[in-house]
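Listed below, chain by chain, are the residues.
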Amino acid sequence: MRLQKFIAECGIASRRSAEKIIESGRVYVNGQLVDYMGFVVDEENDVVELDGRVIKPQVKKHYIMLNKPKNYVTTVSDDLGRPTVMNLVTDINARIYPVGRLDFDTTGLLIMTNDGDFANILTHPRHVVNKSYIARIDKPLDESQLERLRSGVELDGVMTAPAKAENIKRPQKGFEVKITIHEGRNRQVRRMLESVGVNVMSLKRISIGSLTLGNLPEGKWRRLSDAEIDKLRGKGK
Ligand code: URA
């Protein structure tokens, strides 16, 4: 790529002004002054400096939500050759990746992005982000089971943080519980429910922080709006 285009893609100046910047002797490539037109940059390997600071092209950021179906792994690749969620978002031309994990057999809301800072806000334990799930279970939970979930249960010798838990009354769907947690321990919701004595038949994530799955069909994705992104970042209402 030509040097003036490279500078423009760093978001510093238009191509025309980048030419002037080059001619004024402010640009070095790999430590060598380049003050003439026609220089071609190897974007992967060359180090370009403007006024003594290294500059890099801006990568467009993508933020999407996917309704993950069953039988997909939430990793970029899988040693066992199972389908991954990457197979469902082939039309995005960037290296996006899943934020956090859902089990192979869990469905529902999965955020994917190529913005590492954003992913960190959603996954770092320092930022408490509530995640809600609907589990289909084999029998309804009684008050004492709900209370145990609400005060936290012991998994692998360590207590979980208190959860929100309530039975959902949709008789045509069998027995369901809505459970909200902010930790991300391995198979946490399934194990919490099993620890109070019920079997989980299916599990679906319906929200992450302020973001809800809505009626996005299984296997489909959509871009997040700016307002949704800001709310997840903790800015705006
Ligand atoms: N808890 C689980 O048990 N499974 C998931 O996929 C997510 C949370």
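Refer to the structure printed above.
What counts and how
- Residues numbered from 1 in each chain as written.
- Predicted model: local features only at pLDDT ≥ 70, side-chain atom pairs only at ≥ 80, totals over all residues.
- Heavy atoms only, no water.
- Near = heavy atom within 4 Å.
- Polar contact = N/O pair within 3.5 Å; in protein donor to acceptor, adjacent residues only side chain to side chain.
- Areas by Shrake-Rupley, 256 points an atom, 1.4 Å probe, with all protein chains shown as cover.
- Helix = DSSP H or I, 4+ residues; strand = E, 2+ residues; numbered from the N terminus.
- Nonpolar A, V, L, I, M, F, W, Y, C, P; charged D, E, K, R; others polar.
- Core = buried A, V, L, I, M, F, W, Y, C linked by side-chain atoms within 4.5 Å.
- Buried < 20%, exposed > 50% of the residue type's maximum accessible area, 1.4 Å probe, protein only.
- Contact = heavy atoms within 4.5 Å.
- Pairing = 2+ DSSP bridges.
- Salt bridge = Lys/Arg side-chain N within 4 Å of Asp/Glu carboxyl O.
- Arc of directions from axis to C-beta.
- Phe/Tyr/Trp six-rings, centres within 6.5 Å; stacked < 30°, edge-to-face > 60°.
- Lys NZ or Arg CZ within 6 Å of the ring centre and 35° of its normal.
- Axes fitted to C-alpha atoms, helices over the stretch in contact; angles between N-to-C directions.
- Parallel < 35°, antiparallel > 145°, perpendicular 65-115°, else oblique.

Considering the site of the ligand
Move 1: By nearness alone, every residue bordering the ligand is listed as Leu102, Asp103, Thr106, Tyr133, Arg187, Gln188, Val189, Arg190 and Leu203.
Move 2: One of the side-chain N or O atoms of Thr106 is found 2.9 Å from an oxygen atom in the ligand.
Move 3: Bound to the protein, the ligand loses 94% of the 240 Å² it would expose on its own.
Move 4: Among the elements that make up the shell around the ligand, the one with the highest residue count is helix α5 (residues 188-195) (three residues).
Move 5: Of the residues that constitute the shell around the ligand, the class distribution is four nonpolar, two polar and three charged.

As for the nonpolar core
Move 1: In this structure, Met112, Ile137, Leu141, Leu149 and Leu193 are the most contacted members of the largest nonpolar core, which totals 31 residues.
Move 2: Only β5 (63-68), β7 (106-113), β8 (131-137), α4 (143-151), β12 (175-181), α5 and β13 (200-208) provide two or more residues apiece to this core.
Move 3: Residue contacts for Leu193: discarding those within four places in its chain leaves Ala135, Ile137, Leu141, Leu149, Val177, Val198 and Val200.
Move 4: Residues Val129, Ile208, Leu213 and Leu224 belong to the second largest nonpolar core, which totals 16 residues.

As for the pairing of β8
Move 1: Counting buried residues along β8, six of its seven residues qualify, which places the element largely inside the surrounding structure.
Move 2: As judged from the seven bridges shared by β8 and β12, these two strands associate in the antiparallel manner. Across the sheet, residue Ala135 finds its bridge partner in β12, namely Val177.
Move 3: Two strands pair when backbone bridges link them, and β8 and β13 are joined in this way by seven bridges, in the antiparallel orientation. The residue bridging Arg136 from the neighbouring strand is Ser202, located in β13.

Thoughts on the pattern of salt bridges
Move 1: Counted according to the given criterion, the structure contains 14 salt bridges.
Move 2: We note a salt bridge from Glu147 to Arg150, for which the minimum N-O separation is 3.3 Å. Of this pair, Glu147 and Arg150 both sit in helix α4, three residues apart, which is roughly one turn of the helix.
Move 3: Since its relative accessible area comes to 41%, Glu147 is described here as partly exposed.
Move 4: Here the salt bridges do not stand alone but share partners, grouping Asp103, Asp105, Arg187 and Arg190 into one network.

So, helix α3 (residues 116-123)
Because an α-helix completes one turn every 3.6 residues, residues spaced three or four positions apart along the sequence face the same direction.
Move 1: Among the residues of α3, Phe118, Ala119 and Leu122 are the ones counted as buried. On an axial view of α3, the arc spanned by its buried residues comes to 100 degrees, and they lie on one face.
Move 2: Close packing links the buried residues of α3 with β5, β6 (97-98), β7 and α6 (226-233).

Focus: the packing of aromatic side chains
Move 1: All told, the structure shown has two aromatic pairs when counted by the stated rule.
Move 2: With a centroid separation of 6.5 Å and an interplanar angle of 65 degrees, the aromatic rings of Tyr36 and Phe39 are classed as edge-to-face.
Move 3: Between Tyr63 and Phe118, the aromatic rings sit 4.9 Å apart at their centres with planes inclined by 85 degrees, giving edge-to-face as the arrangement. Of this pair, Tyr63 sits in strand β5 while Phe118 sits in helix α3; the two residues are 55 residues apart in sequence, bridging distant segments of the chain.
Move 4: When its relative accessible area of 11% is taken as the criterion, Tyr63 is described as buried.
Move 5: Stacked on the ring of Phe104, the Lys or Arg Arg82 has its end atom at 4.9 Å from the ring centre.

Some remarks on the packing of α3 against α6
Move 1: In contact at an axis separation of 9 Å, α3 and α6 are set at 55 degrees when each is read in the N-to-C sense. Comparing their axes, α6 and α3 come out oblique. Seen from α3, the contacting residues are Phe118, Ile121 and Leu122; seen from α6, they are Ile229, Leu232 and Arg233.
Move 2: Residues of the contact of α3 with α6, tallied by class, amount to five nonpolar, no polar and one charged.

What about the sheet that holds strand β1 (residues 27-29)?
Move 1: Read across the sheet, four strands follow the order β2-β1-β3-β4 without closing on themselves; strand pairing throughout is antiparallel. Each edge of the open sheet carries a strand with a single partner, namely β2 (32-33) and β4 (53-54).
Move 2: Of the pairings in the sheet, the one linking β1 to β2 comprises two bridges and is antiparallel in character. When the sheet's bridge partners are listed, Val29 is paired in β2 with Gln32.

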